[in-house]
Amino acid sequence: MTTQEILEAARGAKAALALADGTSRAQALHSMAAQLCSPANMTAILAANADDMAAAKGHISEVMLDRLALTEERIRAMAKGIEEVAALPDPVGRVLKRVERPNGLVIEKTAVPMGVIAIIYESRPNVTSDAAALAIKSGNACILRCGKEAWRSANAIVQALRQGLRENGLPENAVCLIEDTTHASANALMTAVGYVDLLIPRGGAGLIRACVENAKVPCIQTGTGICHIFVDDTADQAKALDIIENAKASRPSVCNAEEVCLVHSAIAQEFLPKLAQRLGPDRVAAGKLPVELRLDTRAAAIISGTPAGPADFDTEFLDYILAVKVVDSVDEAIAHIAQHSTGHSEAILTQTQADADRFTAAVDSAAVYVNCSTRFTDGGEFGLGCEMGISTQKLHARAPWDWRSFAATSTSFTVMGRSGDLPCPSFFIIFLQFCPACGRGRASFSQLKKISCTGRCKLLWPVFLFYRDGLYFKTNMKTEKNFTFPRKRILLDGGMYPRIRRFSQCKSSTFMFYR
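Residues numbered from 1 in each chain as written. Predicted model: local features only at pLDDT ≥ 70, side-chain atom pairs only at ≥ 80, totals over all residues. Heavy atoms only, no water.

Q: Break down the environment of Gly206 for me, with residues and values.
A: Note that Gly206 resides in helix α9 (residues 205-214). Residue Gly206 is classed as partly exposed on the basis of its relative accessible area of 41%. Distance from Gly206 to Thr224, taken between C-alpha atoms, is 9.6 Å for residues 18 residues apart in sequence. (Helix = DSSP H or I, 4+ residues; strand = E, 2+ residues; numbered from the N terminus. Buried < 20%, exposed > 50% of the residue type's maximum accessible area, 1.4 Å probe, protein only.)

Right, here's the structure in full:
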């Protein structure tokens, strides 16, 4: 299919997704997860991934090959992520705010699906299932455009996910994969006004910049991650070494990996040799890849390493490379981060509460940590399920873009007249009369009257007097008592009658009585 045909197909599927209830969408997600792990689809996905890996070798780095690679374990992890999303509360229809105006209007701000969400991402096959799961959970159709290195893998994954949609009566075009991996298809998504309701780029700085600068459709910026860790002078150095190795070397190709380490000058002479030993010889002895240290002038005077170049503190390496700088205070660390950070994730390692408070208050990033790794910036770690990306902008959502923000990010207002309330002047009375024999009733501005009902109707009772300031219950013409009770239950003759009947209308307000 051409890109234009895919745009039209996705737009045609969005209404069915928006109208599907939460249970149907959850069942579809369970089926999608099951299809990923079925023997036939598992074999097809691994075969497609093997072809992608063979074609990419020699053209991308070993770290990027690791991002591209799929195993049975990783596919099961993808399926688990879908199951976790399915188990989350339904974001569609959530009432975000409810206001009752003095004139009787009830105004509700409600979360609704966006429509069609396009995601442009690079060579990470797992993003395919994450994005599809989040879209379906939130009642959105999605258009996926992956990097050329991962297209075979992504296509095999999409085919499995579509089987799960078909099994549950949802349109398979709710999950579409762009077949053209040239820049032309990316540009088409950026300018697909009337087809794409939201564009999310997930990739390097060049991709994100291109989308932000050229998109004519709404675009959410998931920024690059130049993540900093500042080792304060009171830090627990043993824990600091563990945290830094985790943040840098556990998976250096991801956006929440540490790229810059700032060390307080008061402990630099003691700490930097420990850091160099931990990330170099100790890792080699353990059979792991060492981390190359790019050192500023002051750090280079203490340990050996590669002198830092002009761009090293502004680079997302996504590799076993760490830029190191010595600073004299928490304020200098904050100033450096303000100048060089991309607003993703930053951490301070300290035992001084005042420094921790100052750092967290002053650093303007999506996630700020005290004594833990930047690798925690993740939807799963935050208890949000899988995420589409880490938003580094301040409108509309920030940090992990989860099922609620990615999902029902659009809102609508529902306005209705409040039952039993009048848009008339205060203390304007209306009588609601009810015959217990036949269930007939009427509204009257007069005194009580009889109405005929094949001879069975007696005096109509009880009588409710509706005021602007309250609801009153009247047992007869001579006595009146003010009752307080839940809005949707009214005490009649000693019993509770929950069935609601529409009674009559007065201008724009609907009066309802309960029996």
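Further notes follow.
Q: A description of helix α10 (residues 237-249) should follow, citing residues and the corresponding values.
A: Over its 13 residues, α10 extends 18 Å from the first C-alpha to the last, a length consistent with the 18 Å expected when each residue adds 1.5 Å. Three or more residues of α10 are buried, namely Gln237, Ala240, Leu241, Ile243, Ile244, Glu245, Ala247, Lys248 and Ala249. Those residues of α10 that are buried lie in contact with β7 (227-231), β8 (258-264), α11 (265-279), α12 (281-285), β11 (321-327) and β12 (345-349). Its side-chain oxygen 3.2 Å from the backbone nitrogen of Ala238, Asp236 forms the N-cap of α10. (Expected span 1.5 Å × (residues − 1). Contact = heavy atoms within 4.5 Å. Polar contact = N/O pair within 3.5 Å; in protein donor to acceptor, adjacent residues only side chain to side chain.)

Q: Now, about the side chain of Arg294: what can you tell me, with residues and values included?
A: Along the chain, the position of Arg294 falls in strand β9 (residues 292-295). A polar side-chain atom of Arg294 sits 2.7 Å from a polar atom in the side chain of Glu292. Excluding residues that lie within four positions of it along the chain, Arg294 makes contacts with Thr306, Ala308, Asp312, Phe317, Ile321, Leu322, Ala323 and Val324.

Q: Tell me about the sheet that holds β8, residues and numbers included.
A: One open sheet holds the seven strands; their spatial order is β10-β9-β11-β8-β7-β12-β13, and the pairing between them is parallel. Looking along the sheet, the strands with just one partner apiece sit at the ends: β10 (306-307) and β13 (367-370). Bridging between β7 and β8 involves five bridges; their strand directions are parallel. Each bridged residue has a counterpart across the sheet, and for Phe230 the counterpart in β8 is Leu262. Those strands touched by α11 are β7, β8, β9 and β11, and its axis lies near 145 degrees from that of β8. (Pairing = 2+ DSSP bridges. Axes fitted to C-alpha atoms, helices over the stretch in contact; angles between N-to-C directions.)

Q: Describe the nonpolar core, with residues and values.
A: Of all hydrophobic cores here, the largest spans 46 residues; its most connected members are Leu36, Ile119 and Leu144. In this structure Leu144 touches Ile119, Tyr121, Thr128, Ala131, Val158, Val175, Cys176, Leu177 and Ile178, once residues within four positions along its chain are discounted. Of all hydrophobic cores here, the second largest spans 31 residues; its members include Ile229, Ala247, Phe271 and Ala347. (Core = buried A, V, L, I, M, F, W, Y, C linked by side-chain atoms within 4.5 Å.)

Q: How would you sum up the pattern of salt bridges? Please name residues and give values.
A: Scanning the model with the defined rule gives 19 salt bridges in all. Linking Glu259 and Lys248 is a salt bridge whose minimum nitrogen-to-oxygen distance equals 2.9 Å. Pair noted here: Glu259 is in strand β8 and Lys248 is in helix α10, with a separation of eleven residues, a long-range link. Judged on exposure class, the residue Glu259 and its partner Lys248 are both buried. Across the pair Glu292 and Arg294 runs a salt bridge whose closest N-O atoms are separated by 2.7 Å. The class for Arg294 is buried, based on a relative accessible area of 16%. Taken together, the shared-partner salt bridges connect Asp242, Glu245, Arg278 and Arg283 into one network. (Salt bridge = Lys/Arg side-chain N within 4 Å of Asp/Glu carboxyl O.)

Coordinates in, geometry out; function isn't part of it.
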